[in-house]
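Architecture at a glance
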Amino acid sequence: MEVVNDIPQLKGVSLSKLHSLIERLKFDDNTYRHSMSVAKYSNRFNKIIAANINSETIYYSGLLHDIGKTEVNINILNKKGSLDIDEFSIMMEHSKLGYNLLKKHLMPIEMQHAALYHHERWDGNGYPMKLEKQRIPLVARIISICDVYDALTSNRPYRKAFSIDEALDIMKNSHGQFDNELLDIFSKNIDSII
Ligand SMILES: [Fe+2]
């Protein structure tokens, strides 16, 4: 499902609101490109695990998971070097900002959860709520895996993209970041996800 210009119906959601959020995401090329990949991977991954999340909902949850970044200072967002503590805490706000935005626009609860919880970790050391294990909504656990996979396999100003195998190895060795059962399925089905 390659969309954006041809937006499929998302039940009960205002198309113009959805469209305006997607337009907003285009403020930054990297965020937009990354979001498109996460949407595509999440949709395919969701089908494989046969989760009870419909295709459009997971697609837009992936597409708009980082929408809160549209409210983060662009200089911090695009800073070439590493962020200092203050800058990092401003950056971390993007998950709550995204949640507030999607809630305000009456987007489905799964999309709100994806924005709010995609930086939670299985071991409870993520943010913003430090949820752990199954307390993290499934939609956010799916998107977290697709999010990190795409980040690792993309070029960065300070490093080249990792290969598929390198990225999966890094993720498997991340000790407590992901739902391992899901990561295992993701890894075994990578050819049909990317
Ligand atoms: Fe994020």
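Residues numbered from 1 in each chain as written. Predicted model: local features only at pLDDT ≥ 70, side-chain atom pairs only at ≥ 80, totals over all residues. Heavy atoms only, no water.

Moving on, we get to the overall build of the protein chain. Of the regular secondary structure elements, the protein chain holds eleven helices and zero strands. Going from the N terminus to the C terminus, the protein chain shows its helices and strands as α-α-α-α-α-α-α-α-α-α-α. Against the 2.2 N^0.38 benchmark of 16 Å for 194 residues, the protein chain shows a C-alpha radius of gyration of 16 Å, consistent with a compact globule. Structurally, the protein chain occupies a C-alpha span of about 40 × 40 × 30 Å along its principal axes. For the protein chain, the share of sequence-separated contacts (at least 6 apart) that also reach a separation of at least 24 residues comes to 63%. In the form shown here, the protein chain has an accessible surface area of approximately 9900 Å², with 49% of it arising from carbon and sulfur atoms. (Helix = DSSP H or I, 4+ residues; strand = E, 2+ residues; numbered from the N terminus. Rg over C-alpha atoms; globule rule 2.2 N^0.38 Å. Contact = heavy atoms within 4.5 Å. Areas by Shrake-Rupley, 256 points an atom, 1.4 Å probe, with all protein chains shown as cover.)

So, on to helix 1 (residues 15-25). Buried within helix 1 are the following residues: Leu 18, Leu 21, Ile 22 and Leu 25. Angular distribution of buried residues about the axis of helix 1 spans 100°; they occupy a single face of the element. For helix 1, the secondary structure elements touched by its buried residues are helix 2 (29-49), helix 3 (55-63), helix 6 (94-104) and helix 7 (109-117). (Buried < 20%, exposed > 50% of the residue type's maximum accessible area, 1.4 Å probe, protein only. Arc of directions from axis to C-beta.)

A word on the packing of aromatic side chains. Summed over all chains, the structure comprises four aromatic pairs. Considering the side-chain rings of Phe 45 and Phe 186, the 5.1 Å spacing of their centres and the 75° angle between planes classify their relative orientation as edge-to-face. Separated by 141 residues along the polypeptide, Phe 45 in helix 2 and Phe 186 in helix 10 (residues 180-188) bring together distant segments of the chain. Taken individually, Phe 45 and Phe 186 each receive the classification buried, so the pair is uniform in this respect. Here the aromatic rings of Tyr 149 and Phe 186 are separated by 5.5 Å at their centres, their planes lie at 65°, and the arrangement is edge-to-face. Here Phe 186 lies in helix 10 and Tyr 149 lies in helix 8 (residues 138-152), a separation of 37 residues in the sequence. Assigned by exposure class, Tyr 149 and Phe 186 land together as buried. Here a set of aromatic residues connected by ring pairs shows up, and it is made of Tyr 41, Phe 45, Tyr 149 and Phe 186. (Phe/Tyr/Trp six-rings, centres within 6.5 Å; stacked < 30°, edge-to-face > 60°.)

For the rest of this paragraph, the subject is helix 7. Since the α-helix packs 3.6 residues into each turn, any two residues three or four apart lie on the same face. Along helix 7, the residues that are buried comprise Met 111, Gln 112, Ala 114, Ala 115, Leu 116 and Tyr 117. The inward-facing, buried residues of helix 7 contact helix 1, helix 3, helix 6 and helix 8.

Examined against the element boundaries, Arg 141 turns out to sit in helix 8. Using a relative accessible area of 13% as the deciding quantity, one classes Arg 141 as buried. Reaching out from Arg 141, the side chain makes a polar contact with the backbone oxygen of Ile 136 at a distance of 2.9 Å. (Polar contact = N/O pair within 3.5 Å; in protein donor to acceptor, adjacent residues only side chain to side chain.)

With that settled, the discussion passes to the UniProt feature "domain: HD" (unreviewed entry) in the protein chain. As recorded in UniProt, the sites labelled "domain: HD" (unreviewed entry) are residues 31-152. Summarising residues 31-152: 61% helix, 0% strand, and an end-to-end C-alpha distance of 14 Å. (UniProt positions renumbered as here; feature names shortened; annotations may be inferred.)

All right, on to unusual backbone geometry then. Omega for the peptide link from Tyr 127 to Pro 128 comes to 10°, which places this bond in the cis form. In this structure, Pro 128 sits in the loop between helix 7 and helix 8. The backbone phi angle of Ala 50 is positive, close to 50°, even though this residue is not glycine. Within the fold, Ala 50 resides in the loop between helix 2 and helix 3. Its identity as a non-glycine residue notwithstanding, Lys 133 has a phi of 45°, on the positive side. Here Lys 133 shows up in the loop between helix 7 and helix 8. According to the relative accessible area criterion, Lys 133 is partly exposed, its value standing at 41%.

The next thing to look at is the packing of helix 8 against helix 9 (residues 164-172). Running from N to C, helix 8 and helix 9 point in directions that differ by 130°, and their axes come no closer than 9 Å. On the basis of the axis angle, helix 8 is oblique to helix 9. Our pair here, helix 8 against helix 9, has a crossing hand that is right-handed. Side by side, helix 8 and helix 9 meet where Ile 145, Val 148, Tyr 149 and Leu 152 of the first sit next to Ile 164, Ala 167, Leu 168, Ile 170 and Met 171 of the second. (Axes fitted to C-alpha atoms, helices over the stretch in contact; angles between N-to-C directions. Parallel < 35°, antiparallel > 145°, perpendicular 65-115°, else oblique. Left-handed = near helix turned anticlockwise from the far one by under 90°.)

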